[in-house]
Amino acid sequence: SRMSNRRILQTLRLRLADLGKLPAIVADINALLLSVPELDSRQHRLVFFREIGQYSVDVWLSCYTRSVFLTDYLSTQQEILFGIHKILQKHDAKFASSLTREQLILQEESNRRQSAAAAAAARSGAAASFLARLAAGELDTGGGGGPGARP
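Here goes a summary of the coordinates provided.

Calculation criteria
- Residues numbered from 1 in each chain as written.
- Predicted model: local features only at pLDDT ≥ 70, side-chain atom pairs only at ≥ 80, totals over all residues.
- Heavy atoms only, no water.
- Core = buried A, V, L, I, M, F, W, Y, C linked by side-chain atoms within 4.5 Å.
- Buried < 20%, exposed > 50% of the residue type's maximum accessible area, 1.4 Å probe, protein only.
- Helix = DSSP H or I, 4+ residues; strand = E, 2+ residues; numbered from the N terminus.
- Polar contact = N/O pair within 3.5 Å; in protein donor to acceptor, adjacent residues only side chain to side chain.
- Contact = heavy atoms within 4.5 Å.
- Phe/Tyr/Trp six-rings, centres within 6.5 Å; stacked < 30°, edge-to-face > 60°.
- Lys NZ or Arg CZ within 6 Å of the ring centre and 35° of its normal.
- Expected span 1.5 Å × (residues − 1).
- Arc of directions from axis to C-beta.

1. Points about the nonpolar core
The biggest cluster of nonpolar side chains holds 22 residues, and the ones touching the most others in it are Ile25, Ile29, Leu61, Ile80 and Ile84. Among the elements of the structure, strand S1 (7-14), helix H1 (22-35), strand S3 (57-64) and helix H2 (70-90) are those that each provide at least two residues to this core.

2. Remarks on the side chain of Ser67
For Ser67, the location among the structural elements is in the loop between S3 and H2. Relative accessible area serves as the criterion here: at 17%, Ser67 is assigned to the buried category. Within polar-contact distance, the side chain of Ser67 engages the backbone nitrogen of Phe69 at 3.0 Å. There is a polar contact of 2.7 Å between the side chain of Ser67 and the side chain of Asp72. Setting aside anything within four residues of it in sequence, one finds Ser67 in contact with Asn5, Arg6 and Asp72.

3. Considering the packing of aromatic side chains
Summed over the entire model, instances satisfying the criterion amount to zero aromatic pairs. In this arrangement the basic side chain of Arg6 is found over the ring face of Tyr73, its NZ or CZ atom lying 5.8 Å from the centre.

4. What about the environment of Asn30?
When you line up the elements, Asn30 lands in helix H1. With 54 residues separating them in the primary sequence, Asn30 and Ile84 have C-alpha atoms 10.0 Å apart. Setting aside chain neighbours within four positions, we find Asn30 in contact with Arg45 and Val47.

5. Remarks on the side chain of Ser56
Looking at the element boundaries, Ser56 is found in the loop between strand S2 (46-52) and S3. At 3.0 Å, the side chain of Ser56 and the side chain of Asp58 are in polar contact. Here Ser56 is in contact with Arg13, Leu14, Leu16, Glu51 and Ala96, once residues within four sequence places are set aside.

6. Here's the deal with H2
With 21 residues, H2 should reach 30 Å at 1.5 Å per residue; the first-to-last C-alpha distance of 30 Å fits that figure. For H2, the set of buried residues is Tyr73, Thr76, Gln77, Ile80, Gly83, Ile84, Ile87 and Leu88. In a view along the axis of H2, the buried residues occupy a sector of 145 degrees, so they form one face of it. Turned more than 90 degrees away from the buried face of H2, the exposed residues are Thr71, Phe82, Lys86 and Gln89. Where H2 is buried, its residues meet S1, H1 and S3. Asp92 sits one or two residues past H2 and shows a positive phi near 55 degrees.

Here it is as C-alpha cells:
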C-alpha cells in the first residue's frame, strides 16, 4: 500500500505552573490545527491534556499532513510549532525544561540543608544555654556544691 499522509505527533511538556491555563491553551491549539490547510481534513486533528508529570503537564497532539513529501511535512510541522509558541506567549505559558527540573531539585536540597542547619543550631543553642546555666550554678545536678547544696 502507498503512503497517503505523514503523521505529526507531539507531546508538549509545559510547566506545572501553567496547569490552570491548559483549557484555554488546548482550545487555541485545536483551533490552530483546524486552520492549517496543509493538514488532511479526512484524518483526525487531536489535542488533549494527557498527563501531569513530576515536573511538567503534558499536552498530546496528533494530526496528518495532506502531502507525503518530507519538505511539506516538515514545513507544516514547523508552522504548527511556531503557532503553538505564539499561543503559549499569549497565555504567558512556557515549555518545561530540564533547567526548571534542576532548579527544583537544587531548591529542595537547599531547603533540606537549611532545615538541618537550623535544627543543629537549635540543638547547639540549647546545649550552650544548659552549660551556661550549669556554670552559673542555676541548676541542681544533685552532686552537691551548688546553690541549695547542704554543707
